[in-house]
Structures are given as C-alpha cells and as structure tokens.
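Chain by chain, the residues:
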Amino acid sequence: MMKSAGYSLIGSFTPIHSVIMQNHHRLSSNIVRGRPTASQKSYSCIQIGTIRRGLSMVVARYYPPHFSVAPMMDWTDNHYRTLARLISKHAWLYTEMIAAETIVYQKGNLDRFLGFSPEQHPIVLQIGGSNLENLAKATQLANAYGYDEINFNCGCPSPRVVGHGCFGVRLMLDPKFVGEAMSVIAANTDVPVTVKCRIGVDDRDSYNELCDFIYKVSSSSPTRHFIIHSRKALLNGISPAENRTIPPLKYEYYFGLLRDFPDLRFTINGGINSIEEVNAAREAGAHGVMVGRAAFYNPWQILGCVDTAVYGAPPSWITRRMVLEEFQAYGDSVLGKHGNGRPNVRDVVKPLLNLFHSEPGNAIWKRKADAAFRHCTTIKSFLEETLAAIPDSVLDSPVVKSLPSREAAFSNVQSLMPSPYKASEQEMLYA
C-alpha cells in the first residue's frame, strides 16, 4: 500500500448512502417515511490499494482530508462515527485516542477497541503513548484492521494523559522522542503517519519553538502531515475544557507554518464551528480543516453540509428520518456485544441526542429520551417512544442552510504572521 503526505486511499465497500437508497423502506413507516436519495457520482481516484481484511473488496474513492472530525475522548466512538458516516460520505473520521498500552494488553479483545465497520472509511486511528516498544506492538496489532492513517497524539492536555501517562501534549517538549516514535510507528505500518499537536506548551510558546518542533520531527521521521490545534496548552491549574478556551487562538502561527514548511502538509484545528469557517480557512490557504465539538453538538448542520459545501458533491437529499432508520439497524445489532450489557441503549444513542439541535421539539425529545432510557431495551423501541416529539417537517427535510459564522476569523491573518523561521545551526545539525 502506498503512503502519502496527506491522504491515502484503500479498498472499501459499498458507500453507506447507497445502503440507505436501497433499504429506506425496510423499517415501519412510523419511523421512516423518506424518499430515495439521488444517485451519487463516482469521483476520480487519488490512490488505490487493497484492504487487508478477509472481506470482498471493491474500489473506493476517497477525497483528501479537506475536512475531518477531531479525535475526542468518550465522543468519537463507533456509535458516533456510524452516525457521522451516515450523514457525510467524505468527511475523514478519527477514533478516540487509544493508548498503545491498551492495544497491547487487550490483545484478546481488540475488536472492542479497534473494530469498525467498513463504511467508516476514510478513518484514522489515533494512538498515544511514550513507550517505543509498545507503540511498535500497537501499530502492528492495528494493521489488521485496515485504518487509512495512524495519528500520534502530541496535543492532549488532560492530566491523566500528561501526568500519569507522561504523553499527549507533554511530548512537544521532547521532539527527539516524537521523531523516534513516528519512525517506529511508520516502520510497522504501510499507511501514512501524522502528528496532532498544539502550538506550544506553557511558556514554551514562541513561533520559533513551534517551528523547531516541526523541523525536528519532520527531519528525523517520515512525518509529512501535522494537525495543528492553534492554541498552546497550559499544563498546570486549568482543566482540559479550559485548555480549549483560555489560551488564545493564534491562527497566524498555523499560516506561518504553511509559508515556512512548503514541503509539509498542515491541517488547522481549534475554534472552527461552521462550514463557512471551514471554507474561509481553506480559502486563506489551509490544506485541511479539523472540526471538533461543533461536529458532535450539531452533527446534522455541520456534517450535513460537508459533502456539498467542502467537496463539491451533489446534494444527497438524505433526511434525518432516513439516517435514523439505518442507525437503528446498526444500534440494535451491537447492543450487549461486549458483554455485561454493554453497550446499552444509552451508550448507543448518545450521539443521536444532538441530531435535532435548535430544531422544534428538541427539548421535548431530550426529555422523552431521558425517560425512555429507564426501560427501553432496543433502539427501535427507543425511537418509537421518542420521535413523536419531532415534527415530520424536521424529520423529512434535508440540510438546506448553514448557520451564521465568523468568516472574518482568517481575514487579517496575513498581517499578523510571525517573522519567517530560519532553522538555527543547532537544528541543522540535529537533522
């Protein structure tokens, strides 16, 4: 399989939107009353390879990661990614961060941590860790699952990661180790490897220090793609949530990297909450844009616009009712799969709770959901009990508009750009 600085393409399976078109009448009409979606075009291949799992293979066509959904602990699990792929065909999806040690020591239970449906391609595995041997073993074990890329976490500020775990954003203070880790990961996989990081840590937050990190890692490893969260991390005294809001966004650092490292690829992340902002960043020159919590809290409005507004695909005319039909089939098939009653209805339904964000009936729907969790044992019964709160006009309408945004966020970035980076003699010797 070929590697690429920014994206890869492997064999996949029938796109999930095609499944919807074929099966949209499969469930009872009180849940689904949608029309078939319009047929989808085929798009030119970027790269072609093969998937290494024992299933029938057809050619897949993936666009580059112009838009991706950030890896988020406890959020971007299999249930969320299934919903996301039902809504968007082209968005790149990331797993939650999985510690290398978890993969190594759960070798007999890997499907629970690494398994995913083939429709989730393109999908990236994010791993974390600070032990080179375990990173190598974890990568080898993950290979059988056919991820499209492997991303190394150098950006998480959570105390349980940077403290007890001694990895995450703390690794930005040790670019030599990060280069070694990326080389080890790359040596044990055939797919591209990437790094997700912040723009700095505590008082190590100058533009030159960020550039030193990028220079050292890219010079000492095959890493050619960095995802940049455009805030620094503060390791002491504030929570992970505060680390997403208190340190100021410095998009000018990101655009400085585009100028100073023209042979590398960079994806921008942090504070981008609408498709208009995604496209504004790309128009300003961003190679790719990663959206985090906005894609979880408002999946329909964000993900529903990705294929048309970012990738230029024709409208699919998919509706929330049609999405729920497919999600119900998925959800009921995985209930209790891991034993001890997990996942349960609440686990599986969690990403659905934001599907009607700001729509009529949303508050009543959430109250009904809370009540239904107490006794519903299937996703089908949960939806039958709760969806009466949502008007048919909401359930049967495709995405037709985007929310207001701050497109001006990138308008003055050129005037704020830091001075060009020049690697010092010490860095040149390091490389």
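What you see is a predicted model, and the numbers here were worked out from it, not measured in a lab. (Residues numbered from 1 in each chain as written. Predicted model: local features only at pLDDT ≥ 70, side-chain atom pairs only at ≥ 80, totals over all residues. Heavy atoms only, no water.)

Caption draft 1: Summary view of the overall build of the protein. Regarding its fold elements, the protein presents 18 helices and eight strands. Split into buried and exposed, the 431 residues of the protein put 55% on the buried side. When the accessible surface of the protein is split by element, carbon and sulfur atoms take 51% of a total near 17700 Å². (Helix = DSSP H or I, 4+ residues; strand = E, 2+ residues; numbered from the N terminus. Buried < 20%, exposed > 50% of the residue type's maximum accessible area, 1.4 Å probe, protein only. Areas by Shrake-Rupley, 256 points an atom, 1.4 Å probe, with all protein chains shown as cover.)

Caption draft 2: Structural detail: the packing of aromatic side chains. Tallied over the full model, the rule gives 18 aromatic pairs. Among the aromatic residues, those joined into a ring-pair cluster are Tyr215, Phe226, Phe261, Phe266 and Tyr421. The ring of Trp75 carries Arg293 above its face, with NZ or CZ at 4.7 Å from the centroid. (Phe/Tyr/Trp six-rings, centres within 6.5 Å; stacked < 30°, edge-to-face > 60°. Lys NZ or Arg CZ within 6 Å of the ring centre and 35° of its normal.)

Caption draft 3: Quick look at helix α13 (residues 320-334). The terminal C-alpha atoms of α13, which comprises 15 residues, lie 21 Å apart, in line with the 21 Å expected from a rise of 1.5 Å per residue. Across the 15 residues that make up α13, a large majority, 12, are buried. Turning to α13, its buried residues number three or more, namely Arg320, Arg321, Met322, Val323, Leu324, Glu325, Glu326, Phe327, Gln328, Tyr330, Gly331 and Val334. Directly beyond the C-terminal end of α13, a positive phi value near 70° is found at Gly336. (Expected span 1.5 Å × (residues − 1).)

Caption draft 4: Representation of the nonpolar core within the structure. Judged by nonpolar contacts, the single largest core of 122 residues is most densely connected at Phe67, Phe152, Ile214, Phe266, Ile268 and Phe382. By residue number, the principal contributor to this core is helix α8 (residues 207-220), which donates seven residues. Sequence-distant contacts of Ile268, defined by excluding residues within four places in its chain, comprise Ile228, Ser230, Tyr251, Tyr254, Phe255, Ala281, Ala286, Gly288, Val289, Met290 and Phe410. (Core = buried A, V, L, I, M, F, W, Y, C linked by side-chain atoms within 4.5 Å. Contact = heavy atoms within 4.5 Å.)

Caption draft 5: A look at the pattern of salt bridges. Taken as a whole and judged by the stated rule, the model has 10 salt bridges. Between Glu133 and Lys137 there is a salt bridge, with its nearest N and O atoms 3.1 Å apart. Linking Glu133 with Lys137, this pair stays in helix α5 (residues 132-143), spanning four residues, or about one helical turn. Under the relative-accessibility criterion, Lys137 is labelled partly exposed at 36%. One salt bridge in this structure joins Arg204 and Glu209, with 3.2 Å as the shortest N-O distance. Residue classification places Glu209 among the partly exposed residues on the basis of a relative accessible area of 29%. Ionic contacts of the salt-bridge type, sharing partners, join the residues Arg321, Asp392 and Asp396 into one network. (Salt bridge = Lys/Arg side-chain N within 4 Å of Asp/Glu carboxyl O.)

Caption draft 6: Main features of the sheet that holds strand β1 (residues 67-69). Here eight strands make up an open sheet; going across it, the order is β1-β8-β7-β6-β5-β4-β3-β2 and the pairing parallel. Looking along the sheet, the strands with just one partner apiece sit at the ends: β1 and β2 (93-99). The mean angle between the axes of side-by-side strands here comes to 25°, regardless of whether they run parallel or antiparallel. Across the sheet, helix α7 (residues 175-187) touches β3 (123-128), β4 (149-154) and β5 (193-197), and the angle it forms with β4 is around 160°. (Pairing = 2+ DSSP bridges. Axes fitted to C-alpha atoms, helices over the stretch in contact; angles between N-to-C directions.)

Caption draft 7: Focus on unusual backbone geometry. The residue after His121, namely Pro122, is reached through a cis peptide bond having omega -5°. One can find Pro122 in the loop between α4 (110-114) and β3. The omega torsion of the bond from Arg342 to Pro343 falls at -5°, within 30 degrees of zero and hence cis. The backbone of Asp202 sits at a positive phi, close to 50°, despite the residue not being glycine.

Caption draft 8: A look at the packing of α7 against α8. Orientation of α7 relative to α8, taken along the N-to-C sense of each, is 35°, at an axis distance of 8 Å. In the packing of α7 onto α8, the handedness of the crossing is right-handed. Within the contact between the two elements, α7 uses Pro175, Val178, Gly179, Met182 and Ser183 and α8 uses Phe213, Lys216, Val217 and Ser220. (Left-handed = near helix turned anticlockwise from the far one by under 90°.)

Caption draft 9: Highlighting the environment of Met290. Mapped onto the elements of the fold, Met290 is located in strand β8 (residues 288-291). For the pair Met290 and Ile268, spaced 22 residues apart in the sequence, the C-alpha separation amounts to 6.0 Å. For Met290, the contacting residues outside a window of four places in its chain are Ser68, Val69, Ala70, Pro71, Tyr94, Lys196, Ile227, Thr267, Ile268, Asn269 and Gly270.

Caption draft 10: Quick look at the confidence of the model for the protein. In this model, the protein carries an average pLDDT of 85, and 81% of its residues clear a pLDDT of 70 or more. In this model residues 1-60 is a low-confidence stretch, pLDDT under 50, and it forms 156 contacts with partners more than four residues away in sequence or in other chains. (pLDDT = per-residue confidence, 0-100.)

Caption draft 11: Geometry of helix α9 (residues 251-260). Counting buried positions along α9 gives nine out of 10 residues, so the element sits mostly inside the fold. Taken residue by residue, α9 has Tyr251, Glu252, Tyr253, Tyr254, Phe255, Gly256, Leu257, Leu258 and Asp260 as its buried positions. Where α9 is buried, its residues contact α8, β6 (225-229), β7 (265-269), α10 (275-283) and β8.

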